[in-house]
Amino acid sequence: DQQVKQNSPSLSVQEGRISILNCDYTNSMFDYFLWYKKYPAEGPTFLISISSIKDKNEDGRFTVFLNKSAKHLSLHIVPSQPGDSAVYFCAASVSGGYNKLIFGAGTRLAVHP
Amino acid sequence: DTGVSQDPRHKITKRGQNVTFRCDPISEHNRLYWYRQTLGQGPEFLTYFQNEAQLEKSRLLSDRFSAERPKGSFSTLEIQRTEQGDSAMYLCASSTGTGYSGANVLTFGAGSRLTVL
């Protein structure tokens, strides 16, 4: 039972354009959502998060949008840079318990000059 | 603060051997998690410690797997009688457990890659 789904295994974007990564979830108990970035041979690194009481959170070039009714969130990167090339994981948790994160399978982003 | 440290970074072993991985979390973090990641998949939750107490274990954690956090600081993950299906990246993460974002944001180590021949 995959509770967090990232249906696009890969995405290719030109430098300077917008990258949009999508994520869907099935568990309505999730109330905190995170995006992690992973480079080869490194562990996942926290990028940005959003709680269920918000529908948007912005941090520099990165914006996460949450649509609770659709159980869908997206990460927008504007403008995309070659250094953004990595695997991006969407994760979700239920606050107040053990806060374990449930991850999607990831989307590999390639930003071309 | 050097972040979450994991050792060894790489381990190659023969089927049937035992292996042990160590994780040193960020010093002030009382919550510690182990995850496993296989090729093309996201990290999968294995187990969770709050201080020295192991509070949750995934069904993925078979009887051959055991994890400890004896003094609420570092943690070890042991796999006995390894099988080829155990080949994966084993990730450790920690968090403060306090505050809304502090509890929810996990800091990961670089992982220990296991190859079982």
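None of these values were measured; they are calculated from a predicted model.

Across all of its chains, the model carries 2 disulfides over all chains by this definition. Here Cys23(A) engages in a disulfide with Cys90(A); their sulfurs sit 2.0 Å apart. Between Cys23(A) and Cys90(A) the disulfide shows an S-S torsion of about -75°. By sign, it is left-handed. Taken as a pair, Cys23(A) in strand E3 (residues 19-25) and Cys90(A) in strand E9 (residues 86-93) lie far apart in primary sequence, 67 residues in all. In this model, Cys23(B) is linked to Cys92(B) through a disulfide, with the two sulfur atoms separated by 1.9 Å. Around the S-S axis, the bridge from Cys23(B) to Cys92(B) shows a dihedral of about -70° and counts as left-handed. With Cys23(B) in strand E3 (residues 19-24) and Cys92(B) in strand E9 (residues 88-95), the pair connects residues that are 69 residues apart, well separated along the chain. On the accessibility criterion, Cys23(B) (0% relative accessible area) is buried.

Counting residues at the interface gives 22 residues for chain A and 23 residues for chain B. In total, about 1,800 Å² of surface goes out of reach between chain A and chain B, with carbon and sulfur atoms giving 57% of it. At the boundary of chain A and chain B, one finds 1 salt bridge. As a salt-bridge pair, Lys100(A) and Glu56(B) come within 2.5 Å of each other at their nearest N and O atoms. Put simply, chain A and chain B have 5 residue pairs in polar contact (both at pLDDT 80 or more) between them. Broken down by secondary-structure element, the contributors of at least two residues to the side of chain A that touches chain B are strand E4 (32-38), strand E5 (45-51) and E9 of chain A. A per-element tally of the side of chain A that touches chain B places E4(A) first, with 4 residues.

What counts and what doesn't
Residues numbered from 1 in each chain as written. Chains lettered and ligands numbered in written order. Predicted model: local features only at pLDDT ≥ 70, side-chain atom pairs only at ≥ 80, totals over all residues. Heavy atoms only, no water. Disulfide = S-S within 2.5 Å. Helix = DSSP H or I, 4+ residues; strand = E, 2+ residues; numbered from the N terminus. Buried < 20%, exposed > 50% of the residue type's maximum accessible area, 1.4 Å probe, protein only. Contact = heavy atoms within 4.5 Å. Buried area = accessible area lost by both parts, 1.4 Å probe. Salt bridge = Lys/Arg side-chain N within 4 Å of Asp/Glu carboxyl O. Polar contact = N/O pair within 3.5 Å; in protein donor to acceptor, adjacent residues only side chain to side chain.

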